Structure formats: structure tokens, C-alpha cells
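Given next are the chains, with one letter for each unit.
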Amino acid sequence: VQLQAFGGGLVQAGGSLTLSCVASGRTFSTYGLGWFRQAPGKEREFVAAISRSGGRTYYADSVKGRFTISRDRDNAKSTVYLQMNSLKPEDTAVYYCAAGDRGGSYYYPDDYDYWGQGTLVTVSS
């Protein structure tokens, strides 16, 4: 599976952005999908994840209520989205999408087998 993330950019605090991650390959529906982020000088951290069916979602406390993860209905476009609202300067980071088919936890980088290249989100105050 190859992943490619899009949609990063510069936005003012309080604004919104939607990130997209397109996956290649025929087995998109078998993968749980996640978003992580890494700010300068910090470790990569979990942001959000969605189960294979799309029926369950998971969020970091820092983004809960502001970010929404979703995946294409019926996985037709092999795309996962991250809608980000009420952005804060502390959301500034490179955002990575990831895919994994192990089941179980979605919260750690080791839960995923494939990673996109990252897209930079900068939130100005």
C-alpha cells in the first residue's frame, strides 16, 4: 500500500483545514487508518484513527471535538480525511497518514505498516 497525503498549508488560529490521504492498492478496505503528527523537536504523536469498516473512530484528547476522521463510503476512493476545525498554534506539525491491518490498537506508530510522506500544517496566532 502506498499513501499520499494532501491538504496542508498555512491557516490562522481558529480556522479550518481538511487533510486527505489517498491509498493505492486493492485492499484498502482491510486497513485501519490513522493520522499522526510531529512537531519540530517532538516525537510523533497520535491524532486520530478509524477502523476498517469506518464504524469506530478514535481521537487524541487534544483534538477531540475539533478534528473529525472519516473514510470514503464503501472505500470507493481509497481516501481517508481529517477535518480540522478551531485550529490552534499548537496544532502546527507535519501530519502523516498511516495504514495497518493488524487490528487491535490504533494509538501507536508500531500499530501501522504503511506511512505517507507527510503534509505540513502551520497555524499562525
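In what follows, the structure referred to is the one given above.
## Looking at the side chain of aspartate 91
Position of aspartate 91 relative to the elements: it lies in the loop between β8 (79–84) and β9 (93–100). On the basis of relative accessible area, aspartate 91 is assigned to the buried category, the value being 1%. Looking at aspartate 91, its side chain comes within polar contact range of the side chain of arginine 66, at 2.8 Å. A distance of 2.8 Å separates a polar atom in the side chain of aspartate 91 from the backbone nitrogen of lysine 88.

## Thoughts on empty space enclosed by the protein
With the rule as written, the count across this model stands at one cavity of 30 Å³ or more. Put simply, the largest cavity is a space of about 40 Å³. Residue lining of the largest cavity: Gly32, Gly100, Arg102, Gly103, Ser105, Tyr106, Asp111 and Tyr112, and that is the complete set. Per-class residue counts for the lining of the largest cavity are two nonpolar, four polar and two charged.

## Points about the environment of arginine 73
By secondary structure assignment, the location of arginine 73 is in the loop between β7 (67–71) and β8. In this structure arginine 73 comes out as exposed when scored by relative accessible area, which is 74%. For the pair arginine 73 and threonine 92, spaced 19 residues apart in sequence, the C-alpha to C-alpha distance is 29 Å.

## A word on the nonpolar core
By size, the foremost hydrophobic cluster in this structure holds 36 residues, and its most contacted members are Trp35, Val47, Phe67, Ile69, Leu82, Met84 and Tyr95. Excluding anything up to four places from it in sequence, leucine 82 contacts Leu17, Thr18, Leu19, Trp35, Val47, Ala48, Phe67, Thr68, Ile69 and Tyr95.

What counts, and where the lines are drawn
- Residues numbered from 1 in each chain as written.
- Predicted model: local features only at pLDDT ≥ 70, side-chain atom pairs only at ≥ 80, totals over all residues.
- Heavy atoms only, no water.
- Helix = DSSP H or I, 4+ residues; strand = E, 2+ residues; numbered from the N terminus.
- Buried < 20%, exposed > 50% of the residue type's maximum accessible area, 1.4 Å probe, protein only.
- Polar contact = N/O pair within 3.5 Å; in protein donor to acceptor, adjacent residues only side chain to side chain.
- 1 Å grid on protein atoms, 1.4 Å probe; cavity = no way out; pocket = protein on both sides within 12 Å on 5 of 7 lines; lining within 4 Å.
- Points joined across faces, edges and corners; volume = space filled by probe spheres on them.
- Nonpolar A, V, L, I, M, F, W, Y, C, P; charged D, E, K, R; others polar.
- Core = buried A, V, L, I, M, F, W, Y, C linked by side-chain atoms within 4.5 Å.
- Contact = heavy atoms within 4.5 Å.

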